[in-house]
Every structure is written in C-alpha cells, then in structure tokens.
Amino acid sequence: MQKKGLLLVYTGHGKGKTTASLGVTLRAVGRGMNVRYLQFIKSPERTYGEQIALRKLGVETEQLGIGFTWTKTPEEHREALAKAWKKTHAALQDENLDLLVLDELNNALAIQKFPVDDVLPLQEVLEAIQNRPEKMHLVITGRDAHPAILKLADLVSTIDGTKHYYDEGIPAVKGLEF
C-alpha cells in the first residue's frame, strides 16, 4: 500500500474537475478510507447532488462558500474565505484523514476581483499542503491552479472544454451540474 500521501490536482476550464474528485472519493470510500470533502465556493444555503450522495456514503461534506463572486459583496466573500481557510487548515492537520478533497480551492486562490491573500494566504496554503500528515492524500480542484500548487502536485489533470451545452443556451441541469 502507498504510505506517502499524494497530491492530485484537477484544473482547467472544462467540465469535470469536481466529478473527477468525486471518482477518487468513491474509490477511497470503497476501500474503507476516511474521507472529508470541503467545497470552497459552493454555499450551504443550496443543495447539491454530490452533497446528498456523499452524506449517504458517510463522507463528511461541507460547503464553505457563499456562492459565485458576483452574488455577494467582496467583504462577505472574504469573511467566508477566512472561515473556510481556518477549517481547511485544521483538516490539513487531521491525522485521521486518509483523503481530503478541497473542491474549488484553485478558484478561491485565483480570485482577482478583490484581495484574498490576507484571508486565504497562498504561502500558508502551500506550507499546510506540504506539512499535512504523511499518509494523507489530497485532491484540489478548480480552474486556474496556481503554478506553485502545480509544482507540488504528484498528478495534474487539465480538463479542457471542447463543447458545452451552456454555449447553446441550455442552463445548468439538475443531476448533471448540481
């Protein structure tokens, strides 16, 4: 068995990054691993299909965000990111976790509409990733992964979009997007 935890990064502008992390989560649960799934942008005020399924599987799942950056004020987002980082930092030190998924962390780190480095400090994130328990596997998803995270990764998959029904005016589909 693998003794050193691996860092898997799913990035790019195509659909499927969260889905890829859910596949890894499903395999880990199937093998009896202790998994925690944290979502950085999604809001606890909404219900998501993956949230329902993961809870049925006994995976601790938490939505730490407040939605897309254009849905609330910068200060509301900054407050949510600060709280998210606090929970994430603690999870990255949890010796009992075999797999931790940080869904859309890349998106959060890439926000440029307002400052985030003081509430989600890149250097602290990188140090926490590097200093996580040795056996902990870590999955990070989201567009625009920071080059420093890519450098730390053991696996990077870039998911590009070739065609999407959004472009044809079809809105998000229940069961496919949420």
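If you're wondering where the values come from, they're calculated on a predicted model, not measured in any experiment. (Residues numbered from 1 in each chain as written. Predicted model: local features only at pLDDT ≥ 70, side-chain atom pairs only at ≥ 80, totals over all residues. Heavy atoms only, no water.)

## Here's the deal with the environment of Lys15
Phase 1 of the analysis: In this structure, Lys15 sits in the loop between β1 (7-11) and α1 (17-30).
Phase 2 of the analysis: Sequence separation between Lys15 and His164 is 149 residues, and the spatial gap between their C-alpha atoms is 8.2 Å.
Phase 3 of the analysis: In this view, Lys15 contacts Ile159, His164, Tyr165, Leu176 and Glu177; residues no more than four positions away in its chain are not counted.
Phase 4 of the analysis: A polar atom in the side chain of Lys15 sits 2.9 Å from the backbone oxygen of Leu176. (Helix = DSSP H or I, 4+ residues; strand = E, 2+ residues; numbered from the N terminus. Contact = heavy atoms within 4.5 Å. Polar contact = N/O pair within 3.5 Å; in protein donor to acceptor, adjacent residues only side chain to side chain.)

## Quick notes on the sheet that holds strand β3 (residues 60-63)
Phase 1 of the analysis: The strand order across the open sheet formed by six strands is β3-β2-β4-β5-β1-β6, and the pairing between neighbours is parallel. Strands at the two margins of the open sheet, each flanked by one partner only, are β3 and β6 (155-158). The average undirected angle you get between the axes of adjacent strands in this sheet is 10°.
Phase 2 of the analysis: The sheet contact formed by β1 and strand β5 (residues 137-141) spans four bridges and is parallel. Looking across to β5, one finds that Leu8 is bridged to Val139. (Pairing = 2+ DSSP bridges. Axes fitted to C-alpha atoms, helices over the stretch in contact; angles between N-to-C directions.)

## Some thoughts on unusual backbone geometry
Phase 1 of the analysis: Phi angles above zero are rare outside glycine, and Glu104 is one such case at about 65°.
Phase 2 of the analysis: Looking at the secondary structure, you find Glu104 in the loop between β4 (99-103) and α4 (105-109).
Phase 3 of the analysis: Even without being glycine, Asp144 reaches a positive phi, approximately 55°.
Phase 4 of the analysis: The partly exposed category is assigned to Asp144, whose relative accessible area is 44%. (Buried < 20%, exposed > 50% of the residue type's maximum accessible area, 1.4 Å probe, protein only.)

## What to know about the pattern of salt bridges
Phase 1 of the analysis: This model, assessed by the stated rule, comprises ten salt bridges.
Phase 2 of the analysis: A salt bridge links Glu62 to Lys87; the nearest nitrogen and oxygen atoms lie 2.3 Å apart. One end of the pair, Glu62, is in strand β3; the other, Lys87, is in helix α3 (residues 74-91), and 25 residues separate them in sequence.
Phase 3 of the analysis: Taking relative accessible area as the criterion, Lys87 reaches 36% and is therefore assigned partly exposed.
Phase 4 of the analysis: Here Lys135 ties to Asp98 by a salt bridge, and the two come within 2.6 Å at their closest N and O atoms. Of the two residues, Lys135 sits in the loop between α5 (122-130) and β5 while Asp98 sits in the loop between α3 and β4, which places them 37 residues apart along the sequence.
Phase 5 of the analysis: On the basis of relative accessibility, which here comes to 35%, the residue Lys135 falls in the partly exposed class.
Phase 6 of the analysis: According to the relative accessible area criterion, Asp98 is buried, its value standing at 17%.
Phase 7 of the analysis: Overlapping salt bridges, with partners in common, bring together Arg36, Glu60, Glu62 and Lys87 in one network. (Salt bridge = Lys/Arg side-chain N within 4 Å of Asp/Glu carboxyl O.)

## Points about the nonpolar core
Phase 1 of the analysis: In terms of nonpolar packing, the biggest core is built from 33 residues, with Phe40, Leu81, Leu100, Leu120 and Ile140 touching the most fellow members.
Phase 2 of the analysis: Breaking this core down by element, the ones donating at least two residues are β1, α3, β4, α4, α5 and β5.
Phase 3 of the analysis: Residue contributions to this core peak at five residues, all from α5.
Phase 4 of the analysis: Setting aside chain neighbours within four positions, we find Leu81 in contact with Phe40, Ala108, Ile111, Phe114, Val116, Val119 and Leu120.
Phase 5 of the analysis: By size, the runner-up hydrophobic cluster in this structure holds eleven residues, among which are Leu8, Val24, Tyr37 and Val59. (Core = buried A, V, L, I, M, F, W, Y, C linked by side-chain atoms within 4.5 Å.)

## Observations concerning the packing of aromatic side chains
Phase 1 of the analysis: In the structure shown here, the tally under the stated rule is one aromatic pair.
Phase 2 of the analysis: The interplanar angle of 85° and the centroid separation of 5.8 Å between the aromatic rings of Tyr165 and Tyr166 together place this pair among those described as edge-to-face.
Phase 3 of the analysis: Residue Tyr165 is classed as partly exposed on the basis of its relative accessible area, which comes to 25%.
Phase 4 of the analysis: Just above the ring of Tyr48 sits the side chain of Lys42; from NZ or CZ to the centre is 5.0 Å.
Phase 5 of the analysis: Positioned above the aromatic ring of Phe178, the side-chain terminus of Arg46 is 5.9 Å from the ring centre. (Phe/Tyr/Trp six-rings, centres within 6.5 Å; stacked < 30°, edge-to-face > 60°. Lys NZ or Arg CZ within 6 Å of the ring centre and 35° of its normal.)

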